[in-house]
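Descriptive analysis of the structure
The residues making up each chain are set out below.
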Amino acid sequence: MTPRADRVVLAVDLGTGGPKVGLVALDGTVLWSDLISVPTSYGPGGAATQDARLWWAIIRDATRRGLADSGVRGDQVAGVSITGQWASTVPVDADGRPVGPCVMWMDTRGAPHSRKVFGGPLAGYRPRALLSWLRRNGGIPSPSGDDPVGHMLHLQHDDPVVAGAARWFLEPVDYLSMCFTGRAAASRASMMASWLTDNRDLAVLDYDDVLVRLAGVERAKLPPLVPTGSIISRVAPAVAAELGISAAAQVVTGTPDMHSAAVGSGAVRPGELHLTISTTSWISCPMTVKKTDAFHQLATVPGLDPASYLLVNNQDTAGRALQWLRDNLFDDLDYPALTALAAGAPAGSNGVIFTPWLKGEHSPIDDRNARGGFHNLSLDTTRADLVRAVLEGVAYNSRWLLDCVNRFTTTTGPIRIVGGGARSELWCQIIADVCGRTCERVADPLNAQLRGAALFAGIGMGELDRDELHDLIPLDGVFEPDAGNRAAYDRLFAEFPRLYKTQKGMFARLSRS
């Protein structure tokens, strides 16, 4: 048998900022990777779109370049795996060609239609619709319209030309899988944000008639479901020839970034937590039962295999908050210099609190009107205080969510941290201190999802066992909570949820101006 180190997966991590393309050995070694940025177009009415055709052009070029630069032979590529952003919608024709731009996860143009279809007085929903969705699925589309149901309703009602030309409405990971295979296929995991499957029985590979009817979307344009982690097909011969990879390479079902982060962190057993500090942030763990906390936007979704669940939640602004700070106030500093500056401020940032809700929030409060801010500034506040307050504000937000997670399910052991923000040892230590939990940083945390996508393919191809992953994933840092910082952080965190509660009325009023 060929050693794992000599068998390679072409892995793609499609983030909001653009696709990261990598060649990853089946032992988890990232042999080559590159991230190419793509723009997001914003428009009136909450529009946010990207050109999905550009993703595919970038991936084709990057694959050829990666083979040339890395020395990996095309015949070593045994698998293809796509992960990345979810809750976005690509309308494609029968051949998988986009007939319109990708409607991104933050696009809210479908809100009027979503509210008309299932909106009401109970937490924003009609009671009967809410109960049907929670009973069958565990989650429910948002009346804010920023999910696939809202996107499909927007296209059906506001852009009938694109809707009429579309054969399929695909998640981005499923669109890219179709680019490789020519076959439209999705899984319960990739379609989790549509909330259209009955998750009481994960063995049923179909959409739920009741939920599809309640959503008001076209069932015929929902892609066929195949088991999570299964092989869709081999790469289409013409695509293999164009890219220079083996025509025997197998394409595994696409996965949301949350799923690949779980695999890439090694936290794959029930109750084992991983926390991501990326553009957004979340705290997740595998679970064995279907469960929902509608008040804090926690739910279980189809998990890492056809028989398990994964906890889903999302905090909309994490690393993006630090990027905002740098771009607007500290454009003379790169990220290492920025976090070095923050290290000069004491724990608690001399009393400054930053609330990171720069684009609203999902979990543990669902409020798209929420906005961020610096609080308790004084004439003595320094640049270092401001930067550290942003790092701490994201950590306070994580602790708020973690408190809800701990009430939702039993968690075990340290928290494994992944994502670009985890490259900062200071940020990892702040999270450990604020949350009061030991944190383990996965080695090369920026590429954890890319590695996870490749290992997910290895499992699907039968070359890896999921039970191996916890010990297979290397760590490069363990961060124990510093007891000396606990009092300061407990005192400031106590104010954090109160800041939202006292300002949410203002957020709502100003959003109407």
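Residues numbered from 1 in each chain as written. Predicted model: local features only at pLDDT ≥ 70, side-chain atom pairs only at ≥ 80, totals over all residues. Heavy atoms only, no water.

The subject of this paragraph is the sheet that holds strand E23 (residues 439–442). The mixed open sheet is built from 5 strands, whose spatial order is E15-E14-E22-E23-E24. At either end of the open sheet lies a strand with only one pairing partner, and these are strand E15 (281–284) and strand E24 (475–479). When strand polarity is set aside, the average angle formed by the axes of neighbouring strands in this sheet is 20°. In this structure, E23 lies alongside E24, joined through 4 bridges in antiparallel fashion. Looking at the pairing, Val 442 lines up with Leu 475 of E24. Lying over the sheet, helix H12 (residues 383–408) contacts strand E14 (272–277), E15 and strand E22 (412–418), oriented at roughly 25° with respect to E15. (Pairing = 2+ DSSP bridges. Helix = DSSP H or I, 4+ residues; strand = E, 2+ residues; numbered from the N terminus. Axes fitted to C-alpha atoms, helices over the stretch in contact; angles between N-to-C directions. Contact = heavy atoms within 4.5 Å.)

Below, the discussion takes up the side chain of Asp 93. Here Asp 93 lies in the loop between strand E7 (90–92) and strand E8 (102–103). Judged by its relative accessible area of 16%, Asp 93 is buried. Within the local environment of Asp 93, its side chain forms a polar contact with the backbone nitrogen of Asp 95, the two atoms lying 2.9 Å apart. The contacts of Asp 93, once residues within four sequence positions are left out, are Val 99, Ala 165, Arg 167, Trp 168 and Met 178. (Buried < 20%, exposed > 50% of the residue type's maximum accessible area, 1.4 Å probe, protein only. Polar contact = N/O pair within 3.5 Å; in protein donor to acceptor, adjacent residues only side chain to side chain.)

A few words on the UniProt feature "domain: Carbohydrate kinase FGGY C-terminal" (unreviewed entry) in the protein chain. The UniProt record marks residues 300–460 with the feature "domain: Carbohydrate kinase FGGY C-terminal" (unreviewed entry), using the residue numbering of this structure. For the annotated span residues 300–460, helix accounts for 43% and strand for 15% of the residues, and the straight-line distance between the end C-alpha atoms is 22 Å. (UniProt positions renumbered as here; feature names shortened; annotations may be inferred.)

Note that the residue after Ser 363, namely Pro 364, is joined by a cis bond; omega there is 5°. In this fold, Pro 364 is placed in the loop between strand E20 (353–355) and strand E21 (373–375). Of note, Trp 195 is a non-glycine position whose phi angle comes to about 55°, a positive value. Here Trp 195 shows up in the loop between helix H6 (172–181) and helix H7 (209–215). Phi is positive for Asn 376, close to 70°, though the residue is something other than glycine.

With that out of the way, let us pick up helix H11 (residues 335–342). Residues lying three or four places apart along an α-helix face the same way, a consequence of the helix completing one turn every 3.6 residues. Among all positions in H11, only Leu 338, Thr 339 and Ala 342 are buried. Each buried residue of H11 sits inside an arc of 90° when the element is viewed along its axis, so together they form one side. For H11, the exposed residues set more than 90 degrees away from the buried face come down to Pro 336 and Ala 340. If you follow the buried residues of H11, they end up packed against helix H10 (319–329), H12 and helix H13 (425–435). At the N-terminal end of H11, a side-chain oxygen is found 2.9 Å from the backbone nitrogen of Ala 337, two or three residues along, and the residue is Asp 334. (Arc of directions from axis to C-beta.)

All right, on to the environment of Glu 361 then. Tracing the backbone through its elements, the reader meets Glu 361 in the loop between E20 and E21. Taking the C-alpha atoms as reference points, Glu 361 and Arg 371, separated by 10 residues in sequence, lie 8.4 Å from one another. The contacts of Glu 361, once residues within four sequence positions are left out, are Asn 314, Gln 315, Asp 316, Asp 366, Asp 367, Arg 368 and Asn 397. A polar contact is formed between the side chain of Glu 361 and the side chain of Asn 397, at a distance of 2.8 Å.

Looking now at the pairing of strand E2 (residues 18–25). Counting buried residues along E2, 8 of its 8 residues qualify, which places the element largely inside the surrounding structure. With 8 bridges joining them, strand E1 (residues 8–15) and E2 adopt antiparallel strand pairing. Bridge pairing links Ala 11 to Gly 22 in E2. Between E1 and the antiparallel strand that follows it, E2, lie 2 residues. Summarising the sheet, E2 and strand E3 (residues 30–35) pair through 5 bridges and their orientation is antiparallel. Its bridge partner being in E3, Val 24 is matched across the sheet by Val 30. Taken together, E2 and the strand that follows it, E3, pair antiparallel across an intervening segment of 4 residues, in which Gly 28 is found at a positive phi of about 95°.

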